[in-house]
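Here are the chains, one letter per residue:
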Amino acid sequence: MSRESNPKAGPGVTRRAFLAGGAALGLAAAAGRLNAAPQANPARLRAAHRWVTREFKPSTLSTDEQMQEMAFFINASRPFRGQRIFVVSEDIPTHVYESRILARAFYDLTGIRVQHDVIREGELVRRLLKQMRTGRNFYDAYVNDSDFIGTHYRYETATPLNHWMNGDGGDFTLPTLDVDDFIGKAFTTAPNGDLYQLPDTQFATLYWFRHDWFSRRDLQDAFHQRYGYELGVPVNWKAYEDIADFFTNHVKQIDGERVYGHMDYAGRSPALGWRMHDSWLAMAGAGSPGLPNGRPVNDWGIRVEDCHAVGSSVARGGATNSPAAVYALRKYLEWVSKYAPPEAMNMNFRSAGPVPGQGHIAQQVFWYSAFVSDLLKPGLPVMNADGTPKWRVAPAPHGVYWEPGMKEGYQDCSSWTLLNSTPVKQRQAAWLYAQFTTCKSVALKKLLAGYTPIRESVLNSEALKQVTPQPGGLFDFYRSPERHKYTPTGSGVPDYSRLAQLWWTRIASARTGQGTPQEVMDNLAESQDAMLARLGQYERMKRCEPRLNDAIDPQIWLDRPGAPKPKLADEEGSGKTVAYPELLKSWRGHERS
């Protein structure tokens, strides 16, 4: 929509003007290219050329194509020159790169100063919620997890970007943004088709293991002799537990150093909640088949009917305190206490992530790939002398209640989010910066800074395939059909922050022995139902409010097909592994059994 047809859009440059300037820019020779678009400031074009040639390489675009995108930002930013915007994201390497490098490049091109704060996720969420509830503008844009899609959809405090791009944001939308190229688009799209967030980073909870140790013949023979099957990538939790026991209690030392067969975290913090509702119950098999989150029972154990949450407890048709959920919590507690280093009990998500890089961990069932860059540093015990990693990633194993058709793990999709309470001019300037950090010109270089892919075109590019070192199979995973089985919290969770608060406090009590796994999950399910009931009466919720089922005898639900599932007589099963080369073949289009 041009400015002429959209008077609200302000004095931004029209798309027609940009395209004309971009075409001229692409036809010019190297020196002339910088001055080819009359509407673009020559000094800013020269700055753009420096950034493109010195920093934003490699790229999936040619230099000419990159310069066309840069010209758009130079031109579209005219109404905002000298303005300062405030944005915030969580503290992972990708966002540090944005804050330190991309914000500076954006200022050189646009004259817009960006205060890009990088803070702990819990604090970010608190600030986001305060702005949502008070209407006061604290930040002009947030990099907020797509886990909030159900919240944004119901409360209508976030700006639907598809409407924004056809309205007030139209003249400030990059023509080559290519929304369909974002691999997380489905995660940030609400049930009504509105796009609420623009993906900025994406990482998964994958299985991590020491490929060099798993390839040793002496360890392979010893494992086979003890457990009766091959040492390999575990397909199920029983195999994972056997491998954990093997390295922790039987191998014990490698090259004179104490080694452990498992790594995790159990310190009291909100991360304990992520550890469970970030698909741990789904990996155990507590919910229903059906991507992205299980239908009708999702990965939080909440039954959802026609977009309405109707219950968490088994008595209401949910699965949060079902036998499968109790099994999930029990296994988590057993493994961290029996097979992980003692210090893991007091670690959190942030401190535990890089620990495998210290060289004494054999495997980790639930490892966030956001820490890939921490484990690729030269000189680490997990790196070879030639710069290649000794480790690999693979799909996470699943629990005994899991069945085909269920999700296999979690993906974090941190995404640019605009709130309606932000003044339009500040939203427009922040929207330009959000697009700059995700545009094709910078996407590949940003990926290599944090290993959090967001674009299909980058994943499938020859430029990425030439990158060294390859990060232990991460790109193979993202190019495979397997990645579609890893999803964030979906739209069936009606208020992420209020419900998540219930989880970590209860899991913390289980970790310190203040209740059995059954008692803890019973308390959690009861508390979650009570919160859902309150949310159902909350006037700010505009649609799809919770409508609780009446509580009935839980056995009635357990006797019905599907989730919640009755307790299995054998919750251990038999271990099953797969050789890593065979796994790679499955990633190239074959289904994993």
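What counts, and where the lines are drawn
Residues numbered from 1 in each chain as written. Predicted model: local features only at pLDDT ≥ 70, side-chain atom pairs only at ≥ 80, totals over all residues. Heavy atoms only, no water. Helix = DSSP H or I, 4+ residues; strand = E, 2+ residues; numbered from the N terminus. Rg over C-alpha atoms; globule rule 2.2 N^0.38 Å. Buried < 20%, exposed > 50% of the residue type's maximum accessible area, 1.4 Å probe, protein only. Areas by Shrake-Rupley, 256 points an atom, 1.4 Å probe, with all protein chains shown as cover. Lys, Arg positive; Asp, Glu negative; His and termini not counted. Charge placed at Lys NZ, Arg CZ, Asp CG, Glu CD. Disulfide = S-S within 2.5 Å. Core = buried A, V, L, I, M, F, W, Y, C linked by side-chain atoms within 4.5 Å. Axes fitted to C-alpha atoms, helices over the stretch in contact; angles between N-to-C directions. Parallel < 35°, antiparallel > 145°, perpendicular 65-115°, else oblique. Left-handed = near helix turned anticlockwise from the far one by under 90°. Contact = heavy atoms within 4.5 Å. Nonpolar A, V, L, I, M, F, W, Y, C, P; charged D, E, K, R; others polar. Polar contact = N/O pair within 3.5 Å; in protein donor to acceptor, adjacent residues only side chain to side chain. pLDDT = per-residue confidence, 0-100. Phe/Tyr/Trp six-rings, centres within 6.5 Å; stacked < 30°, edge-to-face > 60°. Lys NZ or Arg CZ within 6 Å of the ring centre and 35° of its normal. Salt bridge = Lys/Arg side-chain N within 4 Å of Asp/Glu carboxyl O. Pairing = 2+ DSSP bridges. Expected span 1.5 Å × (residues − 1). Bend = angle between axes of the 7 residues up to and from the residue. Arc of directions from axis to C-beta.

What follows deals with the overall build of the protein chain. Helix and strand counts for the protein chain stand at 24 helices and 13 strands. Taken over C-alpha atoms, the radius of gyration comes to 25 Å for the protein chain, in line with the 25 Å a tight globule of 593 residues would show. Judged by the C-alpha coordinates and their principal axes, the protein chain covers about 75 × 60 × 40 Å. Per-residue burial for the protein chain yields a buried fraction of 61% across its 593 residues. Split by element, the accessible area of the protein chain, about 21,500 Å² in all, is 50% carbon and sulfur. Each charge class in the protein chain was averaged separately, 69 positive and 63 negative side chains, and the resulting centres sit 6 Å apart.

As a further point, take the state of the cysteines. Scanning the entire structure with this criterion turns up one disulfide. With its sulfur 2.1 Å from that of its partner, C307 forms a disulfide with C544. Judged by the sign of its S-S torsion, about -100°, the bond between C307 and C544 is left-handed. Here C307 is found in the loop between β8 (303-305) and β9 (308-311), whereas its partner C544 is found in the loop between α22 (517-536) and α23 (554-558), with 237 residues between them in sequence.

Counting 133 residues, the largest nonpolar core has F247, W280, L329, Y332, Y368 and W391 as the members making the most contacts within it. In terms of nonpolar packing, the next biggest core, distinct from the first, is built from 49 residues, F80, A103, F106 and W164 among them.

This brings us to the packing of helix α5 (residues 93-110) against helix α16 (residues 424-438). The N-to-C vectors of α5 and α16 enclose an angle of 120°; their axes lie 10 Å apart at closest approach. Judged by the angle between their axes, α5 and α16 are oblique. Read as a crossing pair, α5 and α16 show a hand that is right-handed. Between α5 and α16, the residues in contact are E98, S99, L102, A103, A105, F106 and L109 and A429, L432, Y433, F436 and T437, respectively. Per-class residue counts for the contact of α5 with α16 are nine nonpolar, two polar and one charged.

Checked against the element boundaries, R543 lands in the loop between α22 and α23. On the basis of relative accessibility, which here comes to 23%, the residue R543 falls in the partly exposed class. Of note is the side chain of R543, whose polar atom sits 2.4 Å from the backbone oxygen of Y153.

Right, let's get into unusual backbone geometry. Put simply, K57 and P58 share a cis peptide bond, and its omega is 0°. At the junction of L291 and P292, the peptide bond is cis and its omega measures out at 15° in the coordinates. In this structure, P292 sits in the loop between α13 (280-284) and β8. Not every positive phi belongs to a glycine, and E156 is a case in point at roughly 60°.

Take the confidence of the model for the protein chain next. Summing up the model confidence of the protein chain, the mean pLDDT is 91 and the portion of residues at 70 or higher is 92%. Contacts of residues 1-38 to residues separated by more than four positions or lying in other chains number 66 contacts, the stretch itself having pLDDT below 50.

We now examine the packing of aromatic side chains. Per the stated rule, a full pass over the model turns up 42 aromatic pairs. Residues F223 and Y229 carry aromatic rings whose centres are separated by 5.3 Å and whose planes lie at 90° to one another, so their mutual orientation is edge-to-face. Each member of the pair F223 and Y229 is classed as buried. Look at F246 and F247: their rings are 5.2 Å apart centre to centre, the planes differ by 75°, and that puts the pair in the edge-to-face class. A single burial state applies to F246 and to F247, both of which are buried. Cation over ring: R210 sits above W213, and NZ or CZ is 4.1 Å from the ring centre. Over the face of the ring belonging to Y260 we find R258, whose NZ or CZ atom lies 4.5 Å from the ring centre.

All right, on to the environment of P561 then. Its place among the elements puts P561 in the loop between α23 and β13 (577-578). Expressed as a C-alpha distance, the spacing of P561 and Q435, which sit 126 residues apart in the sequence, is 46 Å.

Right, let's talk about the pattern of salt bridges for a bit. All told, the structure shown has 33 salt bridges when counted by the stated rule. Measuring nitrogen to oxygen at the nearest pair gives 2.9 Å for the salt bridge that ties D178 to K440. With D178 in the loop between α8 (161-165) and β4 (198-210) and K440 in helix α17 (residues 440-450), the pair connects residues that are 262 residues apart, well separated along the chain. Residue classification places K440 among the buried positions, given a relative accessible area of 17%. Of the charged contacts in the structure, one is a salt bridge between R330 and E334, with a shortest N-O distance of 3.0 Å. With a gap of four residues between them, R330 and E334 both fall in helix α14 (residues 323-338), about one helical turn apart. By sharing partners, the salt bridges in this structure join E241, R330, K331, E334, K567, E571 and E572 into a single network.

Attention shifts here to the pairing of β4. In terms of burial, β4 is a largely internal element, 13 of the 13 residues being buried. Alignment of β4 against strand β12 (residues 411-417), held across six bridges, turns out to be antiparallel. When the bridges of β12 are listed, P199 appears paired with S415. Pairing between β4 and strand β10 (residues 363-368): four bridges, direction antiparallel.

Our next topic: α5. Every α-helical turn comprises 3.6 residues, leaving residues that sit three or four positions apart pointing alike. Here α5 spans 24 Å end to end across 18 residues, near enough to the 26 Å set by a 1.5 Å rise per residue. At L102, α5 is bent by approximately 35°, the largest bend along its length. Within α5, the full set of buried residues consists of T94, H95, Y97, E98, I101, L102, A103, A105, F106, L109 and T110. Immediately downstream of α5, the backbone of G111 shows phi near 80°, a positive value.

Tracing the backbone through its elements, the reader meets E98 in helix α5. The class for E98 is buried, based on a relative accessible area of 0%. The residues contacting E98, other than those within four sequence positions of it, are A103, H116, D200, Y433, T437 and K446.

Turning to helix α24 (residues 580-587), its buried residues are Y580, L583, L584, S586 and W587. Seen from one end, α24 has its buried residues packed into an arc of 160°, which puts them on one side. Looking at the buried side of α24, the elements it contacts are β4, α9 (211-214), β5 (233-234), β11 (391-394), α20 (474-479) and β13.

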